[in-house]
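This is what each chain is made of:
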Amino acid sequence: MSTDNYKWDRLDEPFAPDQIHWRVGQAKDGYGNNPPKATLLAYLTSRDVQDRLDDVFGKANWRNEYTEGADGGVKCTIFVRIGDEWVGKQDGAENTNIEAIKGGMSAALKRSAVMWGIGRYLYALDGSNTAGTPGYFDGVPNFKSKKDQKWFHFLPPTLPGWAIPSGWHHPDWKRASKRFCAALHESAGISYRVLADYLEQNQIGALDGFRRPSAMSLNEQQMLLNLLKDKALQAAIKKWADKRSTKEVSDGE
């Protein structure tokens, strides 16, 4: 079978932020009155991995096999049909404490998928040295302090622009877009497209310079609008836009 229809580039593409889950890797109690700190690790569900394999290769052109691993663990090999052959890549995992065999198979599948590039970028996300907040909170990683047996929860880090799919919009954007664009035009006299393109190559203040405003939260959007009140910054963006426009015309001639 020809591989011309395979979407190879999709193997390395990031997943939507709401598909990224976090767990506590290592955590330790804080000293004195300081809260615990933890290293948060990002992961995908096995179903999202399977959906990506379906999307890239088609349902009939990939399969997986499980074999016994070391110390009772499990190995998973993901095979892809290339021509008349099945090409496989393998990795393994230990069985987990909860639903041991099922958990081990899921982990092995995800690790094997990393060998094909799926989710490999997650290892570059920095969730280290994250401070905890008192109280247990559903939907985020939690940790019970060994010192006083109190629960703390950890808010996952904001994803950088390179870890967000192109064209993805923050859930806030649908109700905030008109207000943001109107405020942008009134305060800075800059179009949304110019600002969005600028941010894909430049950083403004502490905001990630690779995310368009549509991928920012409401708080980040407001922070951005506050920063754009600076006349020098407005001039710099307009100068950048003019220079880029001139270059595009020159390249097209």
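Note that the structure is a prediction, hence the values are computed from the model and not measured.

Draft legend 1. The arrangement of the side chain of Thr-77 in detail. Relative to the helices and strands, Thr-77 resides in strand 4 (residues 74-82). Owing to a relative accessible area of 11%, Thr-77 belongs among the buried residues under this scheme. A distance of 2.9 Å separates the side chain of Thr-77 from the side chain of Gln-90, its partner in a polar contact. Residues within four places of Thr-77 in sequence aside, it is in contact with Arg-63, Asn-64, Glu-65, Gly-88, Lys-89, Gln-90 and Ser-112.

Draft legend 2. Seen up close, the sheet that holds strand 3 (residues 62-68). Pairing in this open sheet of 3 strands is antiparallel, and the strands run 3-4-5 from one edge to the other. In the strand order of this sheet, the two ends are held by strand 3 and strand 5 (85-93), each with one partner. The mean angle between the axes of side-by-side strands here comes to 25°, regardless of whether they run parallel or antiparallel. Pairing of strand 3 with strand 4 involves 7 bridges; the strand directions are antiparallel.

Draft legend 3. How the structure looks around the packing of aromatic side chains. Under the counting rule described, the total for this entry stands at 8 aromatic pairs. Each ring, one from Tyr-6 and one from Trp-8, has its centre 5.7 Å from the other, and the planes form 70°; the classification is edge-to-face. Using a relative accessible area of 33% as the deciding quantity, one classes Trp-8 as partly exposed. Taking the centre distance of 5.0 Å and the plane angle of 85° together, the rings of Tyr-136 and Trp-151 count as edge-to-face.

Draft legend 4. Looking closely at helix 4 (residues 192-199). Along helix 4, 6 of the 8 residues are buried, which leaves the element largely enclosed by surrounding structure. Listed as buried for helix 4 are Val-194, Leu-195, Ala-196, Asp-197, Tyr-198 and Leu-199.

Draft legend 5. Layout of the pattern of salt bridges. Evaluated as defined, the whole model comprises 12 salt bridges. As a salt-bridge pair, Arg-212 and Asp-197 come within 3.4 Å of each other at their nearest N and O atoms. Placement of the pair is Arg-212 in the loop between helix 4 and helix 5 (218-227) and Asp-197 in helix 4, with a sequence separation of 15 residues. Of the residues examined, Arg-212 reaches a relative accessible area of 25% and is grouped as partly exposed. When its relative accessible area of 13% is taken as the criterion, Asp-197 is described as buried. Notably, a salt bridge pairs Glu-220 with Arg-211, separated by 2.9 Å at the nearest N-O pair. Accessibility classification places Glu-220 together with Arg-211 in one group, the buried group. Here the salt bridges share partners, and the residues they tie into one network are Arg-193, Asp-197, Glu-200, Arg-212 and Arg-244.

Draft legend 6. Molecular detail of helix 1 (residues 46-57). Here helix 1 spans 16 Å end to end across 12 residues, near enough to the 16 Å set by a 1.5 Å rise per residue. When we look at burial in helix 1, the residues that qualify are Ser-46, Asp-48, Val-49, Arg-52, Leu-53, Val-56 and Phe-57. Along the long axis of helix 1, the arc covered by the buried residues comes to 160°, so they all point the same way. Downstream of helix 1 by a residue or two, Gly-58 has a phi angle that is positive, lying close to 90°.

Criteria and cut-off values
Residues numbered from 1 in each chain as written. Predicted model: local features only at pLDDT ≥ 70, side-chain atom pairs only at ≥ 80, totals over all residues. Heavy atoms only, no water. Helix = DSSP H or I, 4+ residues; strand = E, 2+ residues; numbered from the N terminus. Buried < 20%, exposed > 50% of the residue type's maximum accessible area, 1.4 Å probe, protein only. Polar contact = N/O pair within 3.5 Å; in protein donor to acceptor, adjacent residues only side chain to side chain. Contact = heavy atoms within 4.5 Å. Pairing = 2+ DSSP bridges. Axes fitted to C-alpha atoms, helices over the stretch in contact; angles between N-to-C directions. Phe/Tyr/Trp six-rings, centres within 6.5 Å; stacked < 30°, edge-to-face > 60°. Salt bridge = Lys/Arg side-chain N within 4 Å of Asp/Glu carboxyl O. Expected span 1.5 Å × (residues − 1). Arc of directions from axis to C-beta.

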